[in-house]
Amino acid sequence: MNRTVLVILSNRLDRLAKPRFLEIKCNDQGDILAERKLRAAPKSPVYDEIWENDEGRKDLETCHNFKRKFGHKLQKKKA
């Protein structure tokens, strides 16, 4: 089963810097199938998981640690 994950790349030291948003499609083993940069923050809750990296990194390849955000406003509600 494939999951859709929203990755938020922010900078905790410079709160005025705009966060970057990435949409990732991955399978249950964690293999990334597709990656897409988003121009702005999403408006509707369509993501299975939300991950955040607040180290000020610019892309996914340079990130090492992610925090999973539970109960985020952009996460789908489970039925």
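Residues numbered from 1 in each chain as written. Predicted model: local features only at pLDDT ≥ 70, side-chain atom pairs only at ≥ 80, totals over all residues. Heavy atoms only, no water.

### Re the layout of surface pockets
Of the volumes computed, that of the largest pocket is approximately 210 Å³. Considering the residues around the largest pocket, the lining is formed by 15 residues, among which Pro19, Arg20, Phe21, Leu38 and Arg39 are closest to the centre. Within the residue set of the lining of the largest pocket, elements represented by two or more residues are strand 2 (20-26) and strand 3 (32-38). A per-class count over the lining of the largest pocket returns eight nonpolar, no polar and seven charged. (1 Å grid on protein atoms, 1.4 Å probe; cavity = no way out; pocket = protein on both sides within 12 Å on 5 of 7 lines; lining within 4 Å. Points joined across faces, edges and corners; volume = space filled by probe spheres on them. Helix = DSSP H or I, 4+ residues; strand = E, 2+ residues; numbered from the N terminus. Nonpolar A, V, L, I, M, F, W, Y, C, P; charged D, E, K, R; others polar.)

### Some thoughts on the sheet that holds strand 4 (residues 49-53)
One open sheet holds the five strands; their spatial order is 3-2-1-4-5, and the pairing between them is mixed. Looking along the sheet, the strands with just one partner apiece sit at the ends: strand 3 and strand 5 (67-68). Here strand 1 (residues 3-9) pairs with strand 4 via five bridges, running parallel. Each bridged residue has a counterpart across the sheet, and for Leu6 the counterpart in strand 4 is Ile50. (Pairing = 2+ DSSP bridges.)

### Digging into the nonpolar core
Within the largest apolar cluster, eight residues are counted, these being Val5, Val7, Leu9, Leu22, Ile24, Cys26, Leu60 and Cys63. Where this core is concerned, the elements lending two or more residues are strand 1 and strand 2. Leave out the neighbours within four places in its chain, and Ile24 touches Arg3, Thr4, Val5, Val7, Ile32, Ala34, Glu35 and Leu60. Phe21, Leu38, Tyr47 and Leu74 belong to the second-largest nonpolar core, a separate cluster that totals seven residues. (Core = buried A, V, L, I, M, F, W, Y, C linked by side-chain atoms within 4.5 Å. Buried < 20%, exposed > 50% of the residue type's maximum accessible area, 1.4 Å probe, protein only. Contact = heavy atoms within 4.5 Å.)

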